Amino acid sequence: MGAAFKLNPSWDVLIIIDNPFTFGYQTSQTFFEVLASTAKNTEHFNDHMVAYCQGHPTWCSESVYPAADRLISGFDPTPLPDGSEPVMLVDIGGSVGHDLQTFVSQHPSHPGRLVLQDLPS
């Protein structure tokens, strides 16, 4: 990527179309469009994310984020006006829900609903 930045040092890392990834792969697709373009790409990325997290404390580990004290204890489980259960946690871009599964394994009696949001695969 160093060569790409030398050719265009003003690249903004927030621009998803004209950046080192699209330059290096000579594509106009974003990183996630390339991932979604084949089942194999998606599978490899999901496998990478699972492997990357192994051996690391999870986000909801006491040493990283004391979810019981900061998230669960202050949660109001009162049903919403429409009668639905309030949402405790939303995992955006959560793939198949690894983080939510970890959260549930560490806090099985959590209040509220858990929501997984990601692009269709």
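Keep in mind it's a predicted model, so treat the numbers as computed, not measured.

Enquirer: Break down the overall build of the protein chain for me, with residues and values.
Expert: Helix and strand content of the protein chain: 6 helices and 2 strands. The secondary structure elements of the protein chain, listed N-terminal to C-terminal, are α-α-α-α-α-β-α-β. When the 121 residues of the protein chain are sorted by exposure, 23% land in the buried category. The contacts of the protein chain with a sequence gap of at least 6 include a subset with a gap of at least 24, amounting to 39%. Summed over its atoms, the accessible surface of the protein chain is roughly 8600 Å², and 60% of this surface lies on carbon and sulfur atoms.

Enquirer: Can you tell me about the layout of surface pockets, naming the residues and giving the values?
Expert: By volume, the largest pocket is sized at about 830 Å³. If you trace the largest pocket, you find 31 residues lining it, with Asn46, Gly93, Gly94, Ser95 and Asp118 closest to the centre. Contributions of two or more residues to the lining of the largest pocket are made by α3 (31-36), α4 (39-53), β1 (87-92) and α6 (98-106). Per-element tally for the lining of the largest pocket: the top contributor is α4, with 8 residues. Among the residues forming the lining of the largest pocket, the class breakdown is 15 nonpolar, 13 polar and 3 charged.

Enquirer: Now, about α4: what can you tell me, with residues and values included?
Expert: Over its 15 residues, α4 runs 21 Å from end to end, which matches the ideal 21 Å to within 8%, given 1.5 Å per residue. Positive phi appears at Gly55, one or two residues downstream of α4, with a value of about 85 degrees.

Enquirer: Requested: an account of the nonpolar core, with residues and values cited.
Expert: Cys60, Ala67, Ile72, Phe75, Met88, Leu89, Leu100 and Phe103 form the largest nonpolar core, which has 8 residues in total. Put simply, the parts of the chain that give this core at least two residues each are α5 (67-72), β1 and α6.

Enquirer: Requested: an account of the pairing of strand β2 (residues 113-117), with residues and values cited.
Expert: The sheet contact formed by β1 and β2 spans 5 bridges and is parallel. Looking at the pairing, Val87 lines up with Arg113 of β2. Taken together, β1, α6 and β2 constitute a β-α-β crossover, and its handedness is right-handed.

Enquirer: Tell me about the pattern of salt bridges, and please be specific about residues and values.
Expert: Summed over the entire model, instances satisfying the criterion amount to 1 salt bridge. In this structure, the salt-bridge partner of Lys40 is Glu43, at a minimum N-O distance of 3.7 Å. Taken together, the residues Lys40 and Glu43, both in helix α4 and 3 residues apart, mark about one turn of the helix. Classification of Glu43 as partly exposed rests on a relative accessible area of 38%.

Calculation notes
Residues numbered from 1 in each chain as written. Predicted model: local features only at pLDDT ≥ 70, side-chain atom pairs only at ≥ 80, totals over all residues. Heavy atoms only, no water. Helix = DSSP H or I, 4+ residues; strand = E, 2+ residues; numbered from the N terminus. Buried < 20%, exposed > 50% of the residue type's maximum accessible area, 1.4 Å probe, protein only. Contact = heavy atoms within 4.5 Å. Areas by Shrake-Rupley, 256 points an atom, 1.4 Å probe, with all protein chains shown as cover. 1 Å grid on protein atoms, 1.4 Å probe; cavity = no way out; pocket = protein on both sides within 12 Å on 5 of 7 lines; lining within 4 Å. Points joined across faces, edges and corners; volume = space filled by probe spheres on them. Nonpolar A, V, L, I, M, F, W, Y, C, P; charged D, E, K, R; others polar. Expected span 1.5 Å × (residues − 1). Core = buried A, V, L, I, M, F, W, Y, C linked by side-chain atoms within 4.5 Å. Pairing = 2+ DSSP bridges. Right-handed = clockwise from strand over helix to strand, strands pointing away. Salt bridge = Lys/Arg side-chain N within 4 Å of Asp/Glu carboxyl O.

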